[in-house]
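Residue strings, one per chain:
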There are 2 protein chains.
Amino acid sequence: MVFEAYIGLHCDELSTPALVVDLDEFEWNLKTMADACRASGCGFRPHAKSHKCPEIAKRQIAAGAIGICAATVAEAEALVHAGINGVLLTSPIVDYEKVRRMVALANKPGTVLLAVGHLLEARLLSEAATPVGKVIDVLLDLDVGDRRFGAIPGPDAVALAENIDKLPGLRLRGIQAYSGKSAHVAGFEARLAHSRERMGLAAACRSELAAKGLDMGIFSGASTGTYNIDPVTVGLTEIQAGSYIFMDTEYRLVGSSGGSSVYNDFRPSLKVIATVVSAAHGDCVTVDAGIKAFATDSESLPEPFRWPGVRYRRFGDEFGHLTAETGASLPRLGDRVAFLVPHCDPTVNLYDRVYAARGDRVEAVWPTVARRES
Amino acid sequence: MVFEAYIGLHCDELSTPALVVDLDEFEWNLKTMADACRASGCGFRPHAKSHKCPEIAKRQIAAGAIGICAATVAEAEALVHAGINGVLLTSPIVDYEKVRRMVALANKPGTVLLAVGHLLEARLLSEAATPVGKVIDVLLDLDVGDRRFGAIPGPDAVALAENIDKLPGLRLRGIQAYSGKSAHVAGFEARLAHSRERMGLAAACRSELAAKGLDMGIFSGASTGTYNIDPVTVGLTEIQAGSYIFMDTEYRLVGSSGGSSVYNDFRPSLKVIATVVSAAHGDCVTVDAGIKAFATDSESLPEPFRWPGVRYRRFGDEFGHLTAETGASLPRLGDRVAFLVPHCDPTVNLYDRVYAARGDRVEAVWPTVARRES
């Protein structure tokens, strides 16, 4: 079936497992983030690692995003080829082939930016850009405590920034810092304090570099958990949040600024629909969505939507098991069951398309791209 | 880059994360299973859910397989379109669209078979096959204790077999039974006892049905863990093993018939290659392979290959963290590190291709298909 043939179908007519986004909730999230950024005066460059979907990136741009973040070169390529500008590669790359691919994308100023946390990355980029006469926009990538990548704020980071500034073919535009550990701190005040301390290290480094006359116009970072924190506390200029567009059950646990223990700034918009394919036992049924249909990195499990008292457990690569608490009803053979997703990003990565539904009807089918991870 | 451009590259030149199969080990596994089946007189219909790769299926057929198993309709379609015959769909399907797709594949006798564990499945199939004048080969699917799907051996299963036999458009050919719980029982003797008990339920049902004059020619089942058990103990006629072609660190723990605590009947042939992309701290480095590069359902973690004393932990969607025990060396920035995989099937599902390498050189690039899960 070509994708057009699905438009207008009822969601229950889709072959399962199927990844479905609820357009009303999705658009609410899209607008809420855009409004928050307009209100705070902060830009936003949402992260495509969550959706890997150019159609969603285009909607984020239309809502006011200044660009889109990518976690892999393959994502960056897919976004640029879809006509997106301002694609920031947030991950380090240290091999020549990937560097060459990124330089090949930089056909106009502003098409791509790269976060760079080590002199090797900067040199490889400079060596690839110079012979083809290109100038690549670069952010100094800072490690504010995650110990994942980036330069450690302090003398080494300052030296790296100065080196980047001198290398031919590169143009330093500011800094990137990401505090993954802050994103999921439960409770708004605790999250604010955690992120202010971590991101404050980057802000101090930025001030020092600005005082040396380096271009520090961009300060890029933050997450769905800190979108309303870092712009206020440390002067962030653009937000990289990704998960906000779908939300997931992990993020709902972090609590909101309004004091709610459920993080309700954004709404769960993403579901996986499965079918009950076996019901031979009275106390359980089997659905056709297992390890290959839901990412399994989270401690949380997929949450049956509108099936109170029904619990999911994994039951192999292609299957899941549903049981019901006393008094709750199990679905029957052939029934469709929708599930909220524990962790959106790696779950979306398992599907080649997202069905975009208005109510129960498919309104569009959006291909995901770059399922190749490199 | 088109796939041909990768042939002849050193594996360290591949963009990472990259999924690589060692052809020498792979071919050893291919031949070992084929030889074992020839020796026992049992057929084999290996499971494509492990590799989702028609090129591998073709090599299994060339080695003597009588067909290939598929876990999803999309896998079955990809295999048939690649010219594979005898494709057995081992999973239940209860929606009309999937049933219609399977019937559409059945263009010649023997192209496809379906395992059927409920009258609803049988009726849907009969109703789809009859108007187009096709006869579909069907196995009665039995639940021997996994409680996942299939009919429970006993009067219900007998009644279902008799119903299948009467329905127009269907031809009963035998039974399928799978004891997933036996596959990973540690210790050969314990595994044999477990599988004999479980699969014995299916064998008894098969005898009863044969006595009624039903065609019970096929008895399909078994796993990599029981390939040398069920043909001997319960008269299995064909083996559905999948993992044997790659092996994984989970299967290595089950022990072999030779008494070894490591299951060494087959050899680990599959690796993920990653690159060290950050090494800013003395006690750890970051590689570019995380939750989207390794399936995370196993309690085991990816195992650095030829890096003794180095341990991996997950560090987000795109990254992993390596630490070294006292006295062990960490790889450096830019180094490639290969990892053995805890659970092959869902890891292969994350990649659009397998690089087939002889020694360190890429000899072929095999696309995986049917990453669409439905």
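Throughout, residues of each chain are indexed from 1 in the direction in which the sequence is written. For naming, the first written chain is A and the first written ligand is 1, with later ones following in the order written. Under the rules for a predicted model, residues below a pLDDT of 70 receive no local features and side-chain atom pairs below 80 are neither given nor counted, while totals for whole chains, interfaces and linings still include all residues. Side-chain metrics in this entry use all non-hydrogen atoms of the structure; hydrogen atoms and water are not considered.

A few points about the interface of chain A and chain B
- Contacts between the two partners involve 62 residues from chain A, matched on the other side by 62 residues from chain B.
- Salt bridge criterion: a side-chain nitrogen from Lys or Arg within 4 Å of a carboxyl oxygen from Asp or Glu. On the surface where chain A and chain B come into contact, there are ten salt bridges.
- A salt bridge links Glu318 of chain B to Lys49 of chain A; its shortest N-O distance comes to 3.9 Å.
- N or O atoms closer than or at 3.5 Å make up a polar contact, with two conditions inside protein: a donor-capable atom paired with an acceptor-capable one, and, for residues adjacent in sequence, both atoms drawn from side chains. At the junction of chain A and chain B, the tally comes to 25 residue pairs in polar contact (both at pLDDT 80 or more).
- Put simply, the parts of the chain that give the side of chain A that touches chain B at least two residues each are helix 4 (96–105), helix 5 (119–129), strand 10 (270–281), strand 11 (284–287), helix 10 (344–348) and strand 16 (353–358) of chain A.
- Secondary structure elements follow DSSP: runs of H or I of four or more residues count as helices, runs of E of two or more count as strands, with numbering from the N terminus. The element best represented in the side of chain A that touches chain B is strand 10 of chain A, accounting for six residues.
- Under the convention adopted here, Pro, Cys and the residues Ala, Val, Leu, Ile, Met, Phe, Trp and Tyr are nonpolar, Asp, Glu, Lys and Arg are charged, and Gly plus all remaining residues are polar. Class assignment of the residues belonging to the side of chain A that touches chain B gives a composition of 20 nonpolar, 17 polar and 25 charged. Contacts are residue-level and defined by heavy atoms, with any inter-residue pair within 4.5 Å sufficient.

As for the pairing of strand 7 (residues 170–177) of chain A
Residues and elements named next belong to chain A.
- Using a 1.4 Å probe on the protein chains alone, a residue whose accessible area is under 20% of its type maximum counts as buried, one over 50% counts as exposed, and one in between counts as partly exposed. Buried residues dominate strand 7, accounting for six of its eight residues.
- By the bridge criterion, seven bridges tie strand 6 (residues 136–142) to strand 7 in an arrangement that is parallel. Paired with Asp141 across the strands is Gln176, a residue of strand 7.
- In this fold, strand 6 hands off to helix 6 (residues 155–166), which returns the chain to strand 7; that crossover is right-handed.
- Direction of pairing for strand 7 relative to strand 8 (residues 218–221): parallel, over a ladder of four bridges. Bridge pairing in strand 8 links Ile175 to Phe219. A pair of strands is considered paired only if DSSP assigns at least 2 bridges between the two. When the strands point away from the viewer, a crossover counts as right-handed if the route from the first strand across the helix to the second turns clockwise.

Quick notes on the state of the cysteines
Residue and element names in this part refer to chain A.
- What counts as a disulfide here is a pair of cysteine sulfur atoms lying within 2.5 Å. This model, assessed by the stated rule, comprises zero disulfides over all chains.
- Of all cysteine sulfurs in the structure, the one in Cys344 sits closest to Cys53, which takes part in no disulfide; the separation is 13 Å.
- Residue Cys53 is classed as buried on the basis of its relative accessible area, which comes to 1%.

What about the sheet that holds strand 7 (residues 170–177) of chain B?
Residue and element names in this part refer to chain B.
- Read from one edge of the open sheet, eight strands run 2-9-8-7-6-5-4-3, paired in parallel fashion. The open sheet terminates on both sides in strands that have one partner only, identified here as strand 2 (43–44) and strand 3 (68–70).
- The sheet contact formed by strand 2 and strand 9 (residues 238–239) spans two bridges and is parallel. If you follow Phe44 over to strand 9, its bridge partner there is Ile239.
- Packed on one face of the sheet, helix 3 (residues 73–81) meets strand 3, strand 4 (87–89) and strand 5 (112–116) and runs near 145 degrees to strand 3.
- The convention used is that axes are lines fitted to C-alpha atoms, helices contributing only their stretch in contact, and that angles between N-to-C directions extend from 0 to 180 degrees. Helix 5 (residues 119–129) contacts strand 5, strand 6 (136–142) and strand 7 of the sheet and is inclined by roughly 150 degrees relative to strand 5.

A look at the relation of the copies chain A and chain B
- Superposition of the copies was done by least squares, using only C-alpha atoms of residues whose pLDDT is at least 70 in both. In screw terms, the move from chain A to chain B is a rotation of 180 degrees and a rise of 0.0 Å along the axis, fitting with an RMSD of 0.0 Å. Seen this way, the second copy is the image of the first under a two-fold rotation axis. If distances are taken from each C-alpha of chain A to the rotation axis, the shortest is found for Thr296 of chain A, at 2.9 Å.

Looking at the pattern of salt bridges
Residue and element names in this part refer to chain A.
- By the definition in use, this model includes 56 salt bridges over all chains.
- Residues Asp352 and Arg353 are paired through a salt bridge, measuring 2.9 Å at the closest nitrogen-oxygen approach.
- With a relative accessible area of 23%, Asp352 lands in the partly exposed category.
- Among the salt bridges present, the one from Arg358 reaches Glu363, with a minimum N-O distance of 3.0 Å.
- Taking relative accessible area as the criterion, Arg358 reaches 29% and is therefore assigned partly exposed.
- For Glu363, a relative accessible area of 39% translates into the label partly exposed.

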